[in-house]
Amino acid sequence: MHTVTYVTRAKKRQVGQNWYTIRMNAEVVSKINTFFSKYRSQEYKKGETIIHPDEEIPYIFFLESGFVGQYSYTENGNKIAVHIFRPLSFFPIMLVLAQKTNQYYFETMTPIKVRKAPKPEVLEFIRDNSDVSWDLLQRLAMGMSGLSERITHLMFTDRYKRVVSLLIWLAKGFGEKEKEKVTIQFTITHDDIASWVNLARETASQQIETLEKKGLVIYENHHIIIPNLNKLQAEM
């Protein structure tokens, strides 16, 4: 039984001991691709909302390329970032399995390509293929583990370390590594950072400026580059 490492660009990124990588069984990936290939491929531009709160969920989306963010909004209109879906993800599968009404916005963070299949057919496919079910379970567990870690940092760390921990998480999960340098693969504004760590935009900007002055982060055209991830991790 062979395993394969999937990355989000044609160029493979370097994988270190603590470096996040998606390892999936090649047969499972082939089975998933074969199932979803029956359905038409669709493309969305960056910034499009493809699922709104309280909408019925008749389809499950399979993300072939790009990134999708899951968000909520407070009564005051502040954006709260919940999760980021990477290629090979099914969404919103967790809500469907939990039989919960959707309360979130699912918005494209980059141009994306997806295939969407009717919910009953996806659920039948998962039930009938134990290897796909196990793979999905592992990925859901990994997502919950990352969410728990981020919640812990929000509760027990100061403002500076909240931003540092977020950047480390983004770098490990969504970064492309070249030697010691890591480039996060999608654009991120200061507003985005504030929404992830529950800070005012001005406060988040101050923390980023501090990191820039220390040479730990380079912020160019809304792209974040981390010159040395180990040095950034030492800030925790």
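Residues numbered from 1 in each chain as written. Predicted model: local features only at pLDDT ≥ 70, side-chain atom pairs only at ≥ 80, totals over all residues. Heavy atoms only, no water.

(A) Examining the sheet that holds strand β9 (residues 105-108) more closely. The 4 strands are arranged β4-β9-β6-β7 in an open sheet whose pairing can be described as antiparallel. The open sheet has two edge strands with one neighbour each: β4 (49-51) and β7 (79-85). Pairs of neighbouring strands in the sheet enclose a mean axial angle of 35 degrees, with direction left out of account. Alignment of strand β6 (residues 68-73) against β9, held across 4 bridges, turns out to be antiparallel. Bridge pairing links Val68 to Thr108 in β9. (Pairing = 2+ DSSP bridges. Helix = DSSP H or I, 4+ residues; strand = E, 2+ residues; numbered from the N terminus. Axes fitted to C-alpha atoms, helices over the stretch in contact; angles between N-to-C directions.)

(B) View of the pairing of β7. Across 6 bridges, the pairing between β6 and β7 is antiparallel. If you follow Gly69 over to β7, its bridge partner there is Ile84. As consecutive antiparallel partners, β6 and β7 are separated by 5 residues, and within that stretch Gly77 has a phi angle of approximately 90 degrees, a positive value.

(C) Quick look at the confidence of the model for the protein chain. Here the protein chain averages 84 in pLDDT, while 89% of its residues score no lower than 70. Counted against residues more than four places away or in other chains, residues 1-21, with its pLDDT under 50, gives 45 contacts. (pLDDT = per-residue confidence, 0-100. Contact = heavy atoms within 4.5 Å.)

(D) Seen up close, the environment of Glu56. Within the secondary structure, Glu56 is located in the loop between β4 and β5 (59-65). Between the alpha carbons of Glu56 and Asn102 there is a distance of 7.8 Å; along the sequence they are 46 residues apart.

(E) Representation of the pattern of salt bridges. If you walk through the whole model with that rule in mind, you get 7 salt bridges. Lys31 is the partner of Asp131 in a salt bridge, and the nearest nitrogen-oxygen pair spans 2.9 Å. A residue pair is termed long-range when its members are at least 10 positions apart, and Asp131 in helix α4 (residues 130-156) and Lys31 in helix α1 (residues 26-36) qualify at 100 residues. On the basis of relative accessible area, Asp131 is assigned to the partly exposed category, the value being 28%. Between Arg115 and Glu64 there is a salt bridge; the shortest N-O distance is 2.9 Å. Note that Arg115 is positioned in strand β10 (residues 112-118) and Glu64 in strand β5, a separation of 51 residues in sequence. (Salt bridge = Lys/Arg side-chain N within 4 Å of Asp/Glu carboxyl O. Buried < 20%, exposed > 50% of the residue type's maximum accessible area, 1.4 Å probe, protein only.)

(F) Expanded view of the packing of helix α6 (residues 190-197) against helix α7 (residues 201-213). In contact at an axis separation of 8 Å, α6 and α7 are set at 105 degrees when each is read in the N-to-C sense. Here α6 is positioned roughly perpendicular relative to α7, judged by the angle of their axes. Where α6 approaches α7, its residues His190, Asp191, Ile193 and Ala194 are matched on the opposing element by Arg201, Ala204, Ser205 and Ile208. Class assignment for the residues of the contact of α6 with α7 results in 4 nonpolar, 2 polar and 2 charged. (Parallel < 35°, antiparallel > 145°, perpendicular 65-115°, else oblique. Nonpolar A, V, L, I, M, F, W, Y, C, P; charged D, E, K, R; others polar.)

(G) Structural view of the packing of aromatic side chains. In the structure shown here, the tally under the stated rule is 16 aromatic pairs. Between the aromatic rings of Phe67 and Phe186, the centroid separation amounts to 5.0 Å while the plane-to-plane angle is 65 degrees, which identifies the pairing as edge-to-face. Taken together, the positions of Phe67 in the loop between β5 and β6 and Phe186 in the loop between β12 (181-184) and α6 put the pair 119 residues apart, joining distant regions of the chain. Judged by its relative accessible area of 1%, Phe186 falls in the buried class. Across the ring face of Tyr71, the terminal group of Lys79 is positioned such that the distance to the ring centre comes to 3.9 Å. Across the ring face of Tyr59, the terminal group of Lys116 is positioned such that the distance to the ring centre comes to 4.7 Å. (Phe/Tyr/Trp six-rings, centres within 6.5 Å; stacked < 30°, edge-to-face > 60°. Lys NZ or Arg CZ within 6 Å of the ring centre and 35° of its normal.)

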